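Chain by chain, the residues run as shown.
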Amino acid sequence: MGQIILRLDRVMADRKISLNELSEKVGVSNVNLSKMKNGKISAIRFSTLEAICDALDCQPGDILEYQK
């Protein structure tokens, strides 16, 4: 069985945006974004994913990766 890998850290680095800046733009706490960035979550709301994609000008596939 495969797993979903979060690549938020890579996209943030590509966009040169800090955790604090993204937190302010998205309206999600630093703690929760840090957990996402480090892959320590088991679920993400579509509304949060939409806000992150909007703030980073990216697609969900840029952040989420499926590995077998």
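Residues numbered from 1 in each chain as written. Predicted model: local features only at pLDDT ≥ 70, side-chain atom pairs only at ≥ 80, totals over all residues. Heavy atoms only, no water.

## Topic: the nonpolar core
Proteins that are soluble and globular tend to have nonpolar side chains buried together. Condition: To qualify as a nonpolar core, a set must consist of buried Ala, Val, Leu, Ile, Met, Phe, Trp, Tyr and Cys residues joined through side-chain atoms within 4.5 Å. Only protein chains enter the calculation, and the probe is 1.4 Å; a residue is then buried if its accessible area is under 20% of its type maximum, exposed if over 50%, and partly exposed in between. Each helix is a run of H or I in the DSSP string that is no shorter than four residues. Each strand is a run of E no shorter than two, and both are numbered from the N terminus. Contact criterion: two residues are considered in contact whenever any of their non-hydrogen atoms come within 4.5 Å of each other.
Judged by nonpolar contacts, the single largest core of 16 residues is most densely connected at Leu8, Leu22, Leu33, Met36, Ile52, Leu56 and Ile63. Broken down by secondary-structure element, the contributors of at least two residues to this core are α1 (8-15), α2 (19-26), α3 (30-37) and α4 (46-56). For this core, the element with the highest residue contribution is α4, accounting for four residues. Beyond its immediate sequence surroundings of up to four residues, Ile63 is in contact with Ile5, Leu6, Arg7, Leu8, Val11, Leu49, Ile52, Cys53 and Cys58.

## Re the pattern of salt bridges
This is how it is decided: In what follows, salt bridge is the name for a side-chain nitrogen of Lys or Arg lying within 4 Å of a carboxyl oxygen of Asp or Glu.
In total, this model carries two salt bridges according to the counting rule given. We note a salt bridge from Glu65 to Arg7, for which the minimum N-O separation is 3.1 Å. Within this pair, whereas Glu65 is found in strand β2 (residues 64-67), its partner Arg7 is found in the loop between β1 (3-6) and α1, the two being separated by 58 residues in sequence. On the basis of relative accessible area, Glu65 is assigned to the partly exposed category, the value being 25%. Classification of Arg7 by relative accessible area gives partly exposed; the value is 23%. Residue Glu21 is joined to Lys25 by a salt bridge in which the shortest nitrogen-to-oxygen separation is 3.8 Å.

## Here we look at the packing of α2 against α4
Inclusion rule: Structural elements are reduced to axes, namely lines fitted to C-alpha atoms, with helices fitted over the stretch in contact, and the angle between N-to-C directions of any two is expressed from 0 to 180 degrees. Angle categories are assigned with fixed cut-offs, so that under 35 degrees is roughly parallel, over 145 is roughly antiparallel, 65 to 115 is roughly perpendicular, and the rest are oblique. The hand of a helix crossing depends on one turn: near helix anticlockwise from the far one by less than a right angle means left-handed, and clockwise means right-handed.
Interaxial distance between α2 and α4 falls to 9 Å at its minimum, and their mutual angle equals 120°. Considering their axes alone, α2 and α4 lie oblique with respect to each other. Here α2 runs over α4; the crossing is right-handed. Contact residues: α2 offers Leu22, Lys25 and Val26, while α4 offers Thr48, Ala51, Ile52, Ala55 and Leu56.

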